[in-house]
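Structural description and commentary
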Amino acid sequence: MLARLEHSRLWPGAAEEALAAWARSLRDPYHQLFDPRWGCGIMACCPDPLELRRTLEIIAHALPPRDARTWRRHLAALDDLW
């Protein structure tokens, strides 16, 4: 299911990449905000947090209910770091 979503709507590896970028940005002690004038927008460097959340929500909505609950719990644990 996830592989099909990544190949049809996102990109291969999107879930892992977006989740890792979200975790990195939340764990950053400075919680630097994205500025489109200065940030490159590349997930591995300076991701746009709105784009990250959009991608993570697309994934959550595409997962079966049980997996979506697990996914959202994991996101909530990361969000608590903020």
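Description of the structure in this document. (Residues numbered from 1 in each chain as written. Predicted model: local features only at pLDDT ≥ 70, side-chain atom pairs only at ≥ 80, totals over all residues. Heavy atoms only, no water.)

1. Thoughts on the overall build of the protein chain
Test applied: Helix and strand assignments come from DSSP, with helices taken as H or I runs of at least 4 residues and strands as E runs of at least 2, each series counted from the N terminus. The rule is simple: take the accessible area with a 1.4 Å probe, protein chains only, and divide by the maximum for that residue type; under 20% is buried, over 50% is exposed, in between is partly exposed. Contact definition: two residues touch when any of their heavy atoms are within 4.5 Å. Only the protein chains shown count as cover for residues, with accessible areas throughout obtained via the Shrake-Rupley method and a probe of 1.4 Å.
Within the protein chain, the secondary structure is distributed over 4 helices and 0 strands. For the protein chain, with 82 residues in total, the buried portion stands at 30%. Relative to all contacts within the protein chain whose residues are 6 or more apart in sequence, the contacts with residues 24 or more apart total 59%. With the model as given, the accessible surface of the protein chain reaches about 5800 Å², and the carbon-plus-sulfur share is 58%.

2. A short note on the environment of Leu78
In this structure, Leu78 sits in helix H4 (residues 65–79). Residues Leu78 and Trp22, 56 residues apart in the sequence, show an inter-C-alpha distance of 8.0 Å. Beyond its immediate chain neighbours, meaning those up to four positions away, Leu78 contacts Leu19, Trp22, Ala23, Leu26 and Arg27.

3. What about helix H3 (residues 49–62)?
As a reminder, the rule being used: Here the expected span of a helix is defined as 1.5 Å times the quantity of residues minus one. We define a polar contact as two N or O atoms separated by no more than 3.5 Å, with the added condition that, inside protein, one atom must be a possible hydrogen donor and the other a possible acceptor, whereas residues neighbouring each other in sequence contribute only through side-chain atom pairs.
Helix length check: H3 (14 residues) gives 20 Å between terminal C-alpha atoms against 20 Å at 1.5 Å per residue, within 8%. Leu52, Thr55, Leu56, Ile58, Ile59 and Ala60 are the residues of H3 that are buried. Where the residues of H3 are buried, they touch helix H1 (2–8), helix H2 (14–27) and H4. Looking at where H3 begins, the residue whose side-chain oxygen comes 3.0 Å from the main-chain nitrogen of Leu50 is Asp48.

4. A word on the side chain of Glu6
Counted only if it meets this: This count recognises Lys and Arg as positive and Asp and Glu as negative, with His and chain-terminal groups excluded. What makes a salt bridge here is a side-chain nitrogen of Lys or Arg within 4 Å of a carboxyl oxygen of Asp or Glu, nothing more.
Checked against the element boundaries, Glu6 lands in helix H1. Nearest to the buried, unbridged Glu6 among oppositely charged side chains is Arg4, at 11 Å. A distance of 3.2 Å separates a polar atom in the side chain of Glu6 from the backbone nitrogen of Ala14. Not counting chain neighbours up to four residues away, the residues in contact with Glu6 comprise Trp11, Pro12, Gly13, Ala14, Ala15 and Glu16.

5. Side note on the pattern of salt bridges
With the rule as written, the count across this model stands at 4 salt bridges. Residues Glu57 and Arg53 are paired through a salt bridge, measuring 3.6 Å at the closest nitrogen-oxygen approach. With Glu57 and Arg53 both in helix H3 and 4 residues apart, this pair spans about one turn of that helix. Measuring nitrogen to oxygen at the nearest pair gives 3.0 Å for the salt bridge that ties Arg53 to Asp79. Here the residue Arg53 occupies a position in helix H3, and Asp79 occupies one in helix H4, the gap between them amounting to 26 residues. Beyond isolated ion pairs, a larger network of salt bridges with shared partners links Arg53, Glu57, Arg72 and Asp79.

6. Some points on the nonpolar core
The nonpolar side chains of a soluble globular protein tend to be buried, and buried together. Just so we agree on the cut-off: What makes a nonpolar core is a set of buried Ala, Val, Leu, Ile, Met, Phe, Trp, Tyr and Cys residues whose side-chain atoms join them at distances within 4.5 Å.
Formed by 21 residues in total, the largest nonpolar core has its most connected members in Trp22, Leu56, Ile59 and Trp71. Of all elements in the fold, only H2, H3 and H4 reach the threshold of two or more residues within this core. Considering every element that reaches this core, the biggest residue donor is H2, with 8 residues. Those residues in contact with Trp71 that lie beyond four places of it in its chain are Ala15, Leu19, Leu56, Ile59, Ala60 and Leu63.

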